[in-house]
Protein chains: 2
Amino acid sequence: MDALRVTYRLRVESAQATARAEAVALEQTVEVPRSVVRDPFVEEQILGRVEEVVPEAGGSHLATIAYPAATTAFDPAQLVNVIFGNSSLHDDVECVDVELPPSILSALEGPRFGLPGLRKAVGVYDRPLTCTAVKPMGLDPAALADLCGSFARAGIDVIKDDHGLADHSFCPFEERVQACLAAVERVAEETGHRAVYVPNLTGTPETIGRQLRFAEDRGARAVLVAPMLVGLPAFWELCHRKASVPVIAHPAFGGAQRIAPELLFGRLFRLYGADAVIYVHFGGRFSYDRAVCRRLADRLVGSWAGILPSLPVPAGGMAVESAAEVVDFYGLESMLLIGGSLQLHRNDLAKRSRGFVEAVRRAAERLGSD
Amino acid sequence: MDALRVTYRLRVESAQATARAEAVALEQTVEVPRSVVRDPFVEEQILGRVEEVVPEAGGSHLATIAYPAATTAFDPAQLVNVIFGNSSLHDDVECVDVELPPSILSALEGPRFGLPGLRKAVGVYDRPLTCTAVKPMGLDPAALADLCGSFARAGIDVIKDDHGLADHSFCPFEERVQACLAAVERVAEETGHRAVYVPNLTGTPETIGRQLRFAEDRGARAVLVAPMLVGLPAFWELCHRKASVPVIAHPAFGGAQRIAPELLFGRLFRLYGADAVIYVHFGGRFSYDRAVCRRLADRLVGSWAGILPSLPVPAGGMAVESAAEVVDFYGLESMLLIGGSLQLHRNDLAKRSRGFVEAVRRAAERLGSD
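What you are looking at is a predicted structure, and each value in this text was computed from that prediction instead of being measured.

Enquirer: Even after reading the chapter, I still don't get the sheet that holds strand β9 (residues 247-249) of chain A, so can you show me in this structure?
Expert: The strands that make up a sheet pair up through hydrogen bonds in the backbone, lying either parallel or antiparallel. All names here are of chain A. Read from one edge of the open sheet, four strands run β8-β9-β10-β11, paired in parallel fashion. Taken across any chain shown, the strands that pair with only one partner, and hence form the sheet edges, are β8 (223-225) and β11 (311-315). Direction aside, the axes of adjacent strands within the sheet are offset by 25 degrees on average. The sheet contact formed by strand β10 (residues 276-280) and β11 spans five bridges and is parallel. Bridging from a neighbouring strand, Val 277 pairs with Pro 312 of β11.

Structure, rendered in structure tokens:
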């Protein structure tokens, strides 16, 4: 049968593990007690089927459940519901992996531009990209545009809005976007290096639609959206029905559900259309470890039926000093995002930004010559 | 200053608690190291301020942080971001409470119809309402409509779609909605009891907008949406810019761990416009306890500036046999949702449904006469 397979970590005793898995299979599909399922079509074509329950070190169990693909209605919201709707409300259930059939992959489509499209927007093909953020929130459009100009002049490839930059009274979206685009354009005319400024879109579906049109009309070559803030279905619609430029995904509000980061950011964000995915790199101020980051990045770039790869964007408290290490870890197909660290010393922003660009270039050359 | 206050549970040692709270205050606003905040406006008008850090039993700490209201841009997506955007990615941080200033309450508005509007749609003012779900997924429109008719004939007030009913090939949205509306209408003509059938809307923002128009045009008097599946900002826009009937919120994909259920379902769902909120009652197949359910219901109906109350809808594996107890616990201002339990015995559906209606009526009379 055409099915998706979802793996859950169940924190229950061995004696209860199979029954708990059966309960999840019911909860995620028919949501009635087993004895109420009498219709043969429901029994054969709808009900989730427990395929495997295996114990893990530490006492938990991994249960794999196959759901008929038709239960998802091939819809971006209902897919999330079948994967982890009601079961997200159970304390003892964590969603750790998903295997999707071609029917769902071709319905959701994945990135429209993907890693190659983002590289094309930037115009750099042979090394990891460099990225920074204009912030903090509270600066006015002129001050943010100044920052953009300095970063662009230092040679940084992608300059994104902090994801906290909304349509604030003290820094309205349209003024900010125009000022920042103009700033990178001025640098391009002076130096020939045309950095990609990436405005953050946030708000209701109608708001982000308006912001997208404004940004595209003014020449933005990519945009930033936090899928979990706006909702995965709204994100999908933006990527697939509205945007004509690559969309970079930000992880904000992504931790509130009990989903493995490599699944949410590595697999689902890619499936829903993110051309690049920002996530927290280990060793910074967040808590993922090396193995999680490795799996996450692998899932973003690994081959996956006909789905385009997404560019991995490790971030989150990374220092200029560790840029080379990060390149060694992820290799060429990545974009390093260093934010606050570039602004640490008041008069050093330009120098630190150039240092970042140089460190990535050198690390990439070393990688290329190995 | 006009500020919102957010309380976080920090799972850190006492010696680190204050520093951890300061880090959250930075993370949720400026997202740069403290030393990078040099602009006086940013320092005074943007930065989160730790107001209190108090130890709890068990070794964790409760930190209350005040954020200037202007940081939220008074926008439905950015509000979530300021409350729990990046910090949701930190394993040791849980979001437990929010206190909002009038400026934010009047921007988000809360329910448009609220508890009184839902009562008006149903036409019952003096007792708890009864509610059930048409399911399981997999039945065709005619079979679901049959269920609707049986429930309506038994006197149930509100008959909602299971939240897993999407626009499936085996049961298309439009056919289902028409069949179910017609079924309750036939019963109304026979018996005078006009039950409210509530279609489930799910999909991207454009899809749910189309589904809403279809349902309203055909006479639906309320609709069901899962805010965490479609995204809180899309939910807000549906309630405030699109729907002309009450909207009932379903908790699917609401998670259980890092955002307190009484905050997400009791406070935020109400703020974003839910006229009634389904949540899991203690003692069923989910894991909340009495105290959580009490606080959650209190937050839905308690006075809150000018914000309308939302109707509490306890659900989740409740049995007909415990209906009286549930009424005793929540009192008159509630709607009991019993789903699968009504269908437990194949030929007893009508009898069990009447039993449910009777049990609630009797419990309410007892309550009234106490």
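Enquirer: Hey, could you run me through the relation of the copies chain A and chain B in this one?
Expert: One copy of the chain maps onto the other through a rotation about an axis plus a displacement along that axis. For the pair chain A and chain B, the best superposition has an RMSD of 0.1 Å and corresponds to a rotation of 180 degrees with a translation of 0.0 Å parallel to the axis. One copy is carried onto the other by what is essentially a two-fold rotation axis.

Enquirer: Explain the packing of aromatic side chains here, please?
Expert: Any two aromatic rings considered together are summarised by their centre-to-centre distance and by the angle between their planes. As enumerated under the stated definition, the model contains 15 aromatic pairs over all chains in all. Each ring, one from B:Tyr8 and one from B:Phe84, has its centre 6.4 Å from the other, and the planes form 35 degrees; the classification is tilted. You can see B:Tyr8 sitting in strand β1 (residues 3-10) and its partner B:Phe84 sitting in helix α3 (residues 76-84), a full 76 residues away along the chain. The residues B:Tyr8 and B:Phe84 share a single accessibility class, namely buried. Joined through ring pairs, the aromatic side chains of A:Tyr279, A:Phe282, A:Phe329 and A:Tyr330 make up one cluster. The ring of A:Phe329 carries A:Arg294 above its face, with NZ or CZ at 3.9 Å from the centroid.

Enquirer: Can you walk me through the packing of helix α10 (residues 232-242) of chain A against helix α8 (residues 205-217) of chain B in this structure?
Expert: Relative placement of two packed helices is described by the angle separating their axes and the distance separating the axes. Relative to each other, α10(A) and α8(B) sit at 105 degrees, their axes nearing to 8 Å. Considered as vectors, α10(A) and α8(B) are oriented roughly perpendicular to each other. Taken together, the residues of α8(B) that come into contact with α10(A) (itself represented by A:Pro233, A:Ala234, A:Glu237 and A:Lys242) are B:Pro205, B:Glu206 and B:Thr207. Considering only residue class, the contact of α10(A) with α8(B) consists of three nonpolar, one polar and three charged.

Enquirer: I'm lost on helix α13 (residues 323-330) of chain A in this one. Help?
Expert: The periodicity of an α-helix, 3.6 residues per turn, causes residues three or four positions apart to be oriented the same way. Residue and element names in this part refer to chain A. Considered for burial, the residues of α13 that qualify are Ala 323, Val 326, Val 327, Phe 329 and Tyr 330. Buried residues of α13 fall within an arc of 160 degrees about the axis and therefore sit on the same side. Where α13 is buried, its residues meet β10, α12 (290-301), β11, β12 (335-337) and α14 (349-369). Directly after α13, the chain includes Gly 331, whose backbone phi takes a positive value near 80 degrees.

Enquirer: How should the pairing of strand β4 (residues 93-99) of chain A be read in this particular structure?
Expert: Put simply, side chains in a regular strand alternate between the two faces of the sheet. Residue and element names in this part refer to chain A. The element β4 is extensively covered by neighbouring structure, given that five of its seven residues are classed as buried. Pairing geometry for strand β1 (residues 3-10) and β4, over six bridges, is antiparallel. Pairing of Leu 10 across the sheet is with Val 93, part of β4.

Enquirer: Looking at this structure, how should I read the interface of chain A and chain B?
Expert: In many reports, interface size means the accessible area that the parts give up when they come together. On the side of chain B, 77 residues touch chain A, which itself brings 78 residues to the contact. Applying the counting criterion to the chain A and chain B interface returns four salt bridges. A salt bridge links B:Lys135 to A:Glu31; the shortest N-O distance between them is 3.8 Å. At the junction of chain A with chain B, the criterion picks out 26 residue pairs in polar contact (both at pLDDT 80 or more). Breaking the side of chain A that touches chain B down by element, the ones donating at least two residues are α2 (40-45), α3 (76-84), α8 (205-217), α9 (227-230) and α10 of chain A. Per element, the largest residue contribution to the side of chain A that touches chain B is six residues, and it comes from α3(A). Partitioned by chemical class, the residues of the side of chain A that touches chain B number 36 nonpolar, 27 polar and 15 charged.

Enquirer: Would you mind showing me how to read helix α1 (residues 14-27) of chain A here?
Expert: All names here are of chain A. Taking 1.5 Å as the rise per residue, α1 with 14 residues should run 20 Å; its terminal C-alpha atoms sit 20 Å apart, in good agreement. Regarding α1, the residues found buried are Ala 17, Arg 20, Ala 21, Val 24, Ala 25, Leu 26 and Glu 27. Tucked inside the fold, the buried residues of α1 contact β1, β2 (49-55), β3 (61-68) and β4.

Enquirer: Help me understand the side chain of A:Arg20 in this model?
Expert: With respect to the element layout, A:Arg20 can be found in helix α1. Non-local contacts of A:Arg20, meaning those with residues more than four positions away in its chain, are made with A:Leu10, A:Val12, A:His90, A:Asp92 and A:Val93.

Enquirer: It is not clear to me how the pairing of β10(A) should be interpreted in this structure. Could you clarify?
Expert: All names here are of chain A. In terms of burial, β10 is a largely internal element, five of the five residues being buried. Covered by surrounding structure in β10 are Ala 276, Ile 278 and Val 280 together with Val 277 and Tyr 279, the residues of both alternating faces. Sheet analysis places β9 next to β10, joined by two bridges and oriented parallel. Note on β10: the bridge partner recorded for Ala 249 is Val 277.

Enquirer: What is the right way to read the packing of helix α7 (residues 173-191) of chain B against α8(B) from this model?
Expert: Residue and element names in this part refer to chain B. α8 packs onto α7 with a crossing angle of 25 degrees between their chain directions and a minimal axis gap of 10 Å. In this view, α7 runs roughly parallel relative to α8, as classed from their interaxial angle. The element α7 and its partner α8 pack so that their crossing is right-handed. From α7, Phe 173, Glu 174, Val 177, Gln 178 and Leu 181 reach across to α8, where they touch Gln 211, Phe 214 and Ala 215. Class assignment for the residues of the contact of α7 with α8 results in five nonpolar, two polar and one charged.

Enquirer: Any chance you could explain the state of the cysteines here in plain terms?
Expert: When the sulfur atoms of two cysteines share a covalent bond, that bond is a disulfide. Residue and element names in this part refer to chain B. Under the criterion given, the structure shown has zero disulfides over all chains. Summary of cysteine pairing: Cys 131 is not part of a disulfide, and the nearest cysteine sulfur, belonging to Cys 148, is at 11 Å. In this structure Cys 131 comes out as buried when scored by relative accessible area, which is 1%.

Enquirer: Even after reading the chapter, I still don't get the environment of A:Phe170, so can you show me in this structure?
Expert: Counting through the fold element by element, A:Phe170 comes out in the loop between β6 (158-161) and α7 (173-191). Take A:Phe170: its relative accessible area is 16%, and that puts it in the buried class. Considered as a pair, A:Phe170 and A:Gly138 are 32 residues apart in the sequence and their alpha carbons are 6.9 Å apart. Once residues within four sequence positions are removed from consideration, A:Phe170 is found in contact with A:Met137, A:Gly138, A:Leu139, A:Asp140, A:Pro141, B:Phe41, B:Ile46 and B:Ala70.

Enquirer: Just checking my understanding: could you explain the sheet that holds strand β12 (residues 335-337) of chain B for this structure?
Expert: All names here are of chain B. Pairing is parallel across the open sheet formed by four strands, whose spatial order is β7-β6-β5-β12. Edge positions in the open sheet fall to β7 (196-198) and β12, since each of these has one partner strand only. Put simply, the sheet's adjacent strands are angled 25 degrees from each other on average, direction ignored. Where strand β5 (residues 129-134) meets strand β6 (residues 158-161), four bridges bridge the pair, whose relative direction is parallel. In the sheet register, Cys 131 faces β6, and the bridge partner there is Val 158. Seen against the sheet, α7 touches β6 and β7 and runs at an angle of roughly 165 degrees to β7.

Cut-offs applied
- Residues numbered from 1 in each chain as written.
- Chains lettered and ligands numbered in written order.
- Predicted model: local features only at pLDDT ≥ 70, side-chain atom pairs only at ≥ 80, totals over all residues.
- Heavy atoms only, no water.
- Pairing = 2+ DSSP bridges.
- Helix = DSSP H or I, 4+ residues; strand = E, 2+ residues; numbered from the N terminus.
- Axes fitted to C-alpha atoms, helices over the stretch in contact; angles between N-to-C directions.
- Least-squares fit on C-alpha atoms with pLDDT ≥ 70 in both.
- Phe/Tyr/Trp six-rings, centres within 6.5 Å; stacked < 30°, edge-to-face > 60°.
- Buried < 20%, exposed > 50% of the residue type's maximum accessible area, 1.4 Å probe, protein only.
- Lys NZ or Arg CZ within 6 Å of the ring centre and 35° of its normal.
- Parallel < 35°, antiparallel > 145°, perpendicular 65-115°, else oblique.
- Contact = heavy atoms within 4.5 Å.
- Nonpolar A, V, L, I, M, F, W, Y, C, P; charged D, E, K, R; others polar.
- Arc of directions from axis to C-beta.
- Salt bridge = Lys/Arg side-chain N within 4 Å of Asp/Glu carboxyl O.
- Polar contact = N/O pair within 3.5 Å; in protein donor to acceptor, adjacent residues only side chain to side chain.
- Expected span 1.5 Å × (residues − 1).
- Left-handed = near helix turned anticlockwise from the far one by under 90°.
- Disulfide = S-S within 2.5 Å.

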